[in-house]
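Geometric and topological summary
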Amino acid sequence: MAVVLADLVADLERALDSGDPERIISVRRTLGDGFPGTEEGAEANYRLGLAIVLSGANLEEGVDRLRRAAKAKVPRWTPHARTSLGLVLFQQGKLQQAVFELRRAASGPPTIAAAQALGYIGLVLDQSGKDQEARRARKDQLDALVKLSSDQDPEVSSVACFMLGMERKHDGDRAGACALLQKALDGGGLDDGQAALAQKV
């Protein structure tokens, strides 16, 4: 009997509702293996890969799952998978591979995911002693965030203003940070955690 994608998605929803971690892992594995090129399969591989990497259970499988999600070329999950993969590779001491994956996540038109990847590129290069390249990546990140801060989508513009505000705070520009964070709050597109952080500044 062939496994049907819709049945697996329903199975996953039931497992998530019940909070059964073993069942969630099992269904995600089946989804990721059977339907890797679909949005559902890419999400399953991404979430499973991330969970495995964070648990330290089987780093090789976790990296493989992230690679599968990255190769799926699903706009919603591929950039996140590439970014996570890049960070894991950096932790493994594989600088060139890490920067390669992060650059791929950051390529294309500006998005929040691309701006996050640019930020990580800057951090990775900075920690690797490549100061000039790190500064260039940070400048690219800030340029992308400035552009996104005027996006028509309130969630995108709010998150971009939030990220810019946190960068200004980090740079010691409290007035600039407060103005951007207030704009982020006023936009109404922040999640609860972001809104709480923005209100603390």
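Here the structure is a predicted model, which is why all the values come from computation and not from measurement. (Residues numbered from 1 in each chain as written. Predicted model: local features only at pLDDT ≥ 70, side-chain atom pairs only at ≥ 80, totals over all residues. Heavy atoms only, no water.)

Observations regarding the side chain of Glu61
What counts here: For helices the rule is a DSSP run of H or I covering at least 4 residues; for strands it is a run of E covering at least 2, with both sets numbered from the N terminus onward. Residue exposure (1.4 Å probe, protein chains only): buried if accessible area is under 20% of the type maximum, exposed if over 50%, otherwise partly exposed. Side-chain atoms alone can form a polar contact between residues adjacent in sequence; in general such a contact is a pair of N or O atoms within 3.5 Å, and within protein one must be able to donate a hydrogen while the other accepts it.
Its location among the elements puts Glu61 in helix α4 (residues 59-71). Glu61 sits in the buried class, given a relative accessible area of 18%. Side-chain polar atoms of Glu61 contact the side chain of Arg29, separated by 2.9 Å.

Focus: helix α11 (residues 192-200)
Our working definition: Directions from the helix axis toward the C-beta atoms define the arc. Any two residues whose heavy atoms approach within 4.5 Å are treated as being in contact.
Residues Gln194, Ala195 and Ala198 constitute the buried set of α11. Here the buried residues of α11 occupy an arc of 100° about the axis, which is enough to place them on one side. Exposed and facing more than 90 degrees away from the buried side of α11 are Asp192 and Lys200. Elements in contact with the buried residues of α11: α9 (154-170) and α10 (174-187). Measuring from the backbone nitrogen of Gly193 back to the side-chain oxygen at the start of α11 gives 3.1 Å, which picks out Asp191 as the cap.

Concerning a negative patch on the surface
For clarity, the threshold we go by: Residues qualify for a patch when their relative accessible area is over 30% and they have no salt bridge, like charges being joined within 9 Å and the nonpolar side chains of Val, Leu, Ile, Met, Phe, Trp and Tyr within 5 Å. Residue exposure ignores everything except the shown protein chains as possible cover, and the areas themselves are Shrake-Rupley values with a 1.4 Å probe. Salt bridges are counted wherever a side-chain nitrogen of Lys or Arg sits within 4 Å of a carboxyl oxygen of Asp or Glu. Positive charges come from Lys and Arg alone, negative charges from Asp and Glu alone, with His and the N- and C-terminal ends not counted. Note that the charge is assigned to NZ on lysines, CZ on arginines, CG on aspartates and CD on glutamates.
A surface patch of like charges, here negative, comprises Asp151, Asp153, Glu155, Asp191 and Asp192. Tracing the sequence through the fold places Asp151 in the loop between α8 (131-148) and α9.

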